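Secondary and tertiary structure notes
Residue-level listing of the chains:
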Amino acid sequence: MEITLEHVSKHFKDKNNRSNPVKKAVEDVSLCLTPGVWGLLGANGSGKTTLMRMICGIMKPTAGRICYDGVDITQLDDAYRDIIGYLPQEFGFYPEFTVQQYLEYISALKGLTDRQAKARIDELLTELSLTDVRRKRILKLSGGMKRRVGIAQALLNNPEFLVLDEPTSGLDPAERVRFRNLLSEFARNRIVLISTHIVSDVEYIASQNAIMKNGSILQTSTTQELVSRIHGRVFQAFIPPQELGMWEAEPGIQIVNLRNEEDGRICLRYLGKQTDIPDAMPQAPTLEDLYLDLFPKT
């Protein structure tokens, strides 16, 4: 089972820009998605959502094609939609629907029988800790609970290919951990694609990561292979507070994290050279370090 993208591009007309009337949201992307968890990392505006909408068949590419097991998804039509679960950044619902009513409605749209729907809804409500609010209107739920309802609808048809756009937005840390564990289990013999700029969502569970910038894929590899590109460039130093402004203004330094210490100093993690700050010590690079190196202004 694989999803292949062959030189996929998506261009939009920009009526407000006469000098450059074509906006290239996605440009010449080739990618082969195989079973496992895939992270699609990139800053806001990098083209992630446009790419995912094309992968789901919601939007047609300007150029290139997308195939499922070698067959163009435009030929598969409904058969392709039957194997997909999709969670957009913002999912729609009728304000008066309760959680139960909404999931029953989506189950019907996805072709589940009443018996299948009941069993699957009960299972997902338990897994996503939504059982206590099944009779509550979605409109009255917190942002995190609404997001969990969105995740549940994406999983209803037990899809072979699960596409999630910023799935953990609004979830608290404990909910994010439970969700990541759920995805790791679900991804056995399935393809799970997660688009996010919350790096921790994919750092530990993604078998592969694709880095997207300005509509193009910069690199595709494992987390370990990706972070190796900044090996020897991540350091930690302890500085007095009065020096912070100086180091923040230093052009060769990209500050990753700051932490106040009990002795009054500031612990500073940065990308640069060891000699940039006196007594700095090397640190093992993380995917977050790489992200900030690639997207220093985000």
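Counting of residues starts from 1 at the beginning of each chain's written sequence and follows it residue by residue. Totals for whole chains, interfaces and linings use all residues, but because this is a predicted model, local features are given only for residues with pLDDT of at least 70 and pairs of side-chain atoms are given and counted only at 80 or more. Side-chain metrics in this entry use all non-hydrogen atoms of the structure; hydrogen atoms and water are not considered.

Let's talk about the packing of aromatic side chains
- Each Phe, Tyr or Trp ring, with Trp reduced to its six-membered ring, pairs with another whose centre is within 6.5 Å; inter-plane angles below 30 degrees give stacked pairs, above 60 give edge-to-face pairs, and intermediate values give tilted ones. Tallied over the full model, the rule gives 6 aromatic pairs.
- Ring plane angle 70° and centroid distance 5.2 Å describe the contact between tyrosine 94 and phenylalanine 97, whose orientation is recorded as edge-to-face.
- The buried label applies to any residue whose accessible area, calculated with a 1.4 Å probe on protein chains only, is under 20% of its type's maximum; exposed applies above 50%, and partly exposed to all values in between. On the basis of relative accessible area, tyrosine 94 is assigned to the partly exposed category, the value being 48%.
- An aromatic cluster of at least three residues, connected via ring pairs, comprises Tyr94, Phe97 and Tyr105.

A short note on the confidence of the model for the chain
- pLDDT is a per-residue confidence score from the predictor, ranging from 0 to 100. Chain-level statistics for the chain give a pLDDT mean of 91 and a share of 99% at 70 or above.
- Helix and strand assignments follow DSSP, with helices taken as H or I runs no shorter than four residues and strands as E runs no shorter than two, numbered in order from the N terminus. Of all the helices and strands in the chain, helix α8 (residues 200-203) carries the lowest mean pLDDT, 83, while strand β4 (residues 63-68) carries the highest, 97.

Some words on the pattern of salt bridges
- The working definition used for a salt bridge is a side-chain nitrogen of Lys or Arg within 4 Å of a carboxyl oxygen of Asp or Glu. Tallying each qualifying case throughout the model produces 16 salt bridges.
- Linking glutamate 6 and arginine 65 is a salt bridge whose minimum nitrogen-to-oxygen distance equals 2.9 Å. A residue pair is termed long-range when its members are at least 10 positions apart, and glutamate 6 in strand β1 (residues 3-13) and arginine 65 in strand β4 qualify at 59 residues.
- Using a relative accessible area of 32% as the deciding quantity, one classes glutamate 6 as partly exposed.
- Glutamate 185 is paired through a salt bridge with arginine 188; the nearest N and O atoms lie 3.4 Å apart.

Some words on the pairing of β1
- Two strands pair when backbone bridges link them, and β1 and β4 are joined in this way by 5 bridges, in the antiparallel orientation. Within the sheet, the bridge partner assigned to glutamate 6 lies in β4 and is arginine 65. Paired strands, in this sense, are two strands between which DSSP finds at least two bridges.

A short note on the sheet that holds strand β6 (residues 84-87)
- Read from one edge of the open sheet, 6 strands run β6-β7-β8-β3-β9-β10, paired in mixed fashion. In this open sheet, the two strands that pair with only one neighbour each are β6 and β10 (216-221). On average, each strand axis in the sheet is inclined to that of its neighbour by 15°, with strand direction left out of account.
- In this sheet, β10 lies alongside strand β9 (residues 208-213) in antiparallel orientation, the contact comprising 5 bridges. Bridging from a neighbouring strand, lysine 213 pairs with serine 216 of β10.
- Should any heavy atoms of two residues lie within 4.5 Å, those residues are counted as being in contact. In this description, a line fitted to the C-alpha atoms serves as the axis of each element, helices being fitted only across the stretch in contact, and the angle between N-to-C directions of two axes falls anywhere from 0 to 180 degrees. Sitting on the sheet, helix α7 (residues 173-186) is in contact with β3 (36-41), β7 (161-165) and β8 (191-196), with an inclination near 155° to β7.

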